Each structure stands twice: as structure tokens, then as C-alpha cells.
Amino acid sequence: MVRNITAGVDGSPEGLAAAHWAAHEALRRGAALNLVHAWHRHVRPAPYVSLGSAEHGWAEHLLREAVDSVRAAHPTLTVAGRLICDSAVSALLSAGAEAELLVLGSQGLGSTAGFVTGSVSQRVVGGAGCPVVLVRAGRSAADEHLPAVDGVAPDEIPETPYRAVVLGLDVTQPCDDLIAFAFDAAHRRDTALRVIHVFEAEPAEGAPPSAPGPERLADREHTVVAALRPWAEKYPKVPVTETVVEGRTAAELVRAATGAGLVVVGRRTGGGGLGHHTGPVAHAVLHHVGCPVAVVPHA
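Residues numbered from 1 in each chain as written. Predicted model: local features only at pLDDT ≥ 70, side-chain atom pairs only at ≥ 80, totals over all residues. Heavy atoms only, no water.

Quick question: what am I supposed to make of the overall build of the protein chain here?
Check the secondary structure of the protein chain and you find 8 helices and 11 strands. A burial count over the protein chain gives 43% of its 299 residues as buried. In the protein chain, of all internal contacts separated by at least 6 residues, the share reaching a separation of at least 24 is 74%. Carbon and sulfur atoms provide 55% of the accessible area of the protein chain, an area that totals close to 14,900 Å². (Helix = DSSP H or I, 4+ residues; strand = E, 2+ residues; numbered from the N terminus. Buried < 20%, exposed > 50% of the residue type's maximum accessible area, 1.4 Å probe, protein only. Contact = heavy atoms within 4.5 Å. Areas by Shrake-Rupley, 256 points an atom, 1.4 Å probe, with all protein chains shown as cover.)

Below, the structure is given as C-alpha cells:
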């Protein structure tokens, strides 16, 4: 079975940024890249359709431009384009079902802000069965690396180190898929993994009494180390640091993401709730972190 990564493109700058980020990731994984564009038949043409163009022809044009752009930048990568007549959400979820990773673009709010996660990206992130990465408009391969010396662009020096991968980990709900994704991402980038676990200062209402603060901190630190141990043994060359703090999970994780190249968070798939959802922590991270964010589904 051919491994592949899928990216959604729609003619926007953020869609193109996602396509190029996905191309780099496909090369790191030795996978093929599929670019997907969804289109609809309308009684009246959509505003973005050029005068005199059929909607299908215009959709083909947008997809072809994206494919050509990626092929020109990555001539050794296998790139295919796929045009789907369906809603954007359905098309992306369908394409993601056949991929090991789905990459979407998201409009940036500003130089220090996070993403504009519209209804399409929110529903895809909340419903996909594979990990989904959101990439801001304007992101480039150089942004994944630490600044190079002497004003030389990082993409001109392949040896320029990658920025660290940050993992937000909830040890009360162990998730091997989430931990494995983060270790693999750090391993492929030959960079460090920073693991952040945050617990509330006070137990939730109705929860049984817990140990005093210092004992609770030590207990959580032990649990985090134990959860990571099998993966640290599997990836011995990945430097790992663990940070365990009391506080608000989303705020601490956003703070820890400063300077990161990739942030990895989980999304529960079991909860029995209605519709597609990302959870409050993933939602906050997507809105306040500027680097690419991977949302990994787990039971």
C-alpha cells in the first residue's frame, strides 16, 4: 500500500502554504503527496469564478496551479491532484480517510496570533480519523528551522537545526498514538521534543480528595516519565524534556509553544457528544499558536 499525505488546496495563500508544508513532510516520510480541491456545481457561478469560465474548468485550473507549484519546488516528490465534486468538509474527510496525515491551510490573524479556524477546518479537524495539521498562510520551510547565522536563510543551509516539537500531554488519559506521533515528528526532524503536562491546582468539583500540592506534582511527574519511557527507548536519539506545572492547560501550552516548529495536541474521539469537536485545549492552541499545529485523534 502506497503511503500518502493529503493537503487541501482552494486557490488561497494559506492553501498553498499547506501544500508546500505537506510536500516537505511527505519527503521526510518517504510518502507521496495528494492535493485535493473540492468544488460545487452552482446555479449561479461562485464570485471567484472568472467571467466565461465553467466552474469545473476553473476548479481544474486552481488545482493544476497548486500541483505545478509543488512539483517545481520538489521535483523528486510524487505529487497527484484530485478534484472532488462535493462539499469541502466531505471531500477532505473522504480524502483523509485514505491518508496517514491531512494538512489544511488557515488564515493567520497576525504576526503573533494564531489561526482563523473557519467552519470547514473546525469540522475537518474534529471529524478526521487521521492526524490533521493546520498551517498558517505565509509559513515557509525556513520557519521550521532555528535562525541561521550571518544572515543566511535557513533553507540555504540544510544542516540548520529544526525548531523543537512541543507535545501537550494529558497523562490522565494515556494515548500511545499521540506520543508516537510527537516522537516520530521530532525524530524525522532530528530535533528535541518538549513535553508539557499541566494539571489544575484544585481537583474538579466532586472529585475525590487528592494529595497535597508537592506530592501531587511529584506523582504527576512520575506518571509523565513512565508514559514516555517506552517511546524514549524506541527513539533514543530524540532529546526529551518534561515540564509538569499547575495552571490552566491551554494557557501553559500556548506559552510553551513559543519558538516551536510544531505543536502536537490530542483530540478525544470517544466522548459520545454530537457532531465534530476539537476539545477546549486544541481549540485554544489553534487560535493562539503561530506555528503548525497537529491534532491527533485518540480514544
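Where do I start with the packing of helix α3 (residues 88–96) against helix α4 (residues 119–127) in this structure?
For any two helices packed against each other, one specifies the crossing angle of their axes together with the interaxial distance. Their axes nearest at 9 Å, the elements α3 and α4 cross at an angle of 30°. Considered as vectors, α3 and α4 are oriented roughly parallel to each other. In this structure, α3 crosses over α4, and the sense of that crossing is right-handed. Taking contact as the criterion, the partners of Ala88, Val89, Leu92 and Leu93 in α3 are, on α4, Val120, Arg123, Val124 and Gly127. Taken together, the residues of the contact of α3 with α4 sort by class into 6 nonpolar, 1 polar and 1 charged. (Axes fitted to C-alpha atoms, helices over the stretch in contact; angles between N-to-C directions. Parallel < 35°, antiparallel > 145°, perpendicular 65-115°, else oblique. Left-handed = near helix turned anticlockwise from the far one by under 90°. Nonpolar A, V, L, I, M, F, W, Y, C, P; charged D, E, K, R; others polar.)

Mind showing me how you'd approach the side chain of Arg267 here?
Looking at the secondary structure, you find Arg267 in strand β10 (residues 262–268). The buried charged residue Arg267 lacks any salt bridge partner; its closest oppositely charged side chain belongs to Asp177, at an N-O distance of 10 Å. Within the structure, Arg267 has its side chain in polar contact with the backbone oxygen of Ala128 (distance 2.6 Å). (Lys, Arg positive; Asp, Glu negative; His and termini not counted. Salt bridge = Lys/Arg side-chain N within 4 Å of Asp/Glu carboxyl O. Polar contact = N/O pair within 3.5 Å; in protein donor to acceptor, adjacent residues only side chain to side chain.)

How should I be thinking about the pattern of salt bridges in this particular structure?
Pairs can form between side chains of opposite charge whenever their charged atoms are close. Counted according to the given criterion, the structure contains 11 salt bridges. Among the salt bridges present, the one from Glu25 reaches Arg29, with a minimum N-O distance of 2.8 Å. In this pair, Glu25 and Arg29 are both assigned in helix α1 (residues 13–29), 4 residues apart and thus about one turn of the helix distant. Residue classification places Glu25 among the buried positions, given a relative accessible area of 2%. A relative accessible area of 10% places Arg29 in the buried class. Here Glu144 ties to Arg189 by a salt bridge, and the two come within 3.5 Å at their closest N and O atoms. On the criterion of sequence distance, the pair formed by Glu144 in the loop between β6 (132–136) and β7 (165–168) and Arg189 in helix α5 (residues 176–189) is long-range, its members being 45 residues apart. The class for Glu144 is buried, based on a relative accessible area of 4%. With a relative accessible area of 3%, Arg189 lands in the buried category. Linked by salt bridges that have partners in common, Arg3, Glu25, Arg28, Arg29, Glu100, Glu144 and Arg189 make up one network.

Is there a simple way to think about the packing of aromatic side chains in this case?
Tallied over the entire structure, the rule returns 1 aromatic pair. Taking NZ or CZ as reference, Arg28 lies 5.9 Å from the ring centre of Trp21, over its face. (Phe/Tyr/Trp six-rings, centres within 6.5 Å; stacked < 30°, edge-to-face > 60°. Lys NZ or Arg CZ within 6 Å of the ring centre and 35° of its normal.)

Could you clarify how one ought to interpret the pairing of β10 in this entry?
Where a strand is regular, its side chains alternate between the two sheet faces. The buried fraction of β10 is high, at 5 of 7 residues. Across 3 bridges, the pairing between β7 and β10 is parallel. In the strand pairing of β10, Leu167 is matched with Val264. When β10 meets strand β11 (residues 293–298), the two strands line up parallel, connected through 6 bridges. Across the sheet, the residue bridging to Arg267 is Pro297, located in β11. (Pairing = 2+ DSSP bridges.)

In this structure, what is going on with the pairing of β7? I would like to understand it.
Here β7 shows two buried faces, one formed by Val165 and Leu167 and the other by Val166 and Gly168. As judged from the 4 bridges shared by β7 and strand β8 (residues 193–199), these two strands associate in the parallel manner. Bridge assignment links Gly168 to a residue of β8, and that residue is Ile196.

For this particular structure, what's the right way to read the nonpolar core?
A general tendency of soluble globular proteins is for nonpolar side chains to be buried together. Counting residues in hydrophobic clusters, the biggest one holds 48 residues, and the most contacted among them are Leu33, Leu35, Val103, Leu167, Leu193 and Val264. A per-element tally of this core places α5 first, with 8 residues. In contact with Leu33, other than residues within four places in its own chain, are Ile5, Ala7, Ala19, Ala22, Ala23, Ala26, Val70, Leu77, Thr78, Val79 and Ala80. Residues Val125, Val263, Val293 and Val295 belong to the second largest nonpolar core, which totals 26 residues. (Core = buried A, V, L, I, M, F, W, Y, C linked by side-chain atoms within 4.5 Å.)

Sorry if this is basic, but what is going on with the environment of Thr249 here?
The topology assignment puts Thr249 in helix α7 (residues 249–256). Separated by 35 residues in the primary sequence, Thr249 and Ala284 place their C-alpha atoms 9.6 Å from one another. If we skip the residues at most four places from it in the chain, Thr249 touches Val198, Glu200 and Val281.

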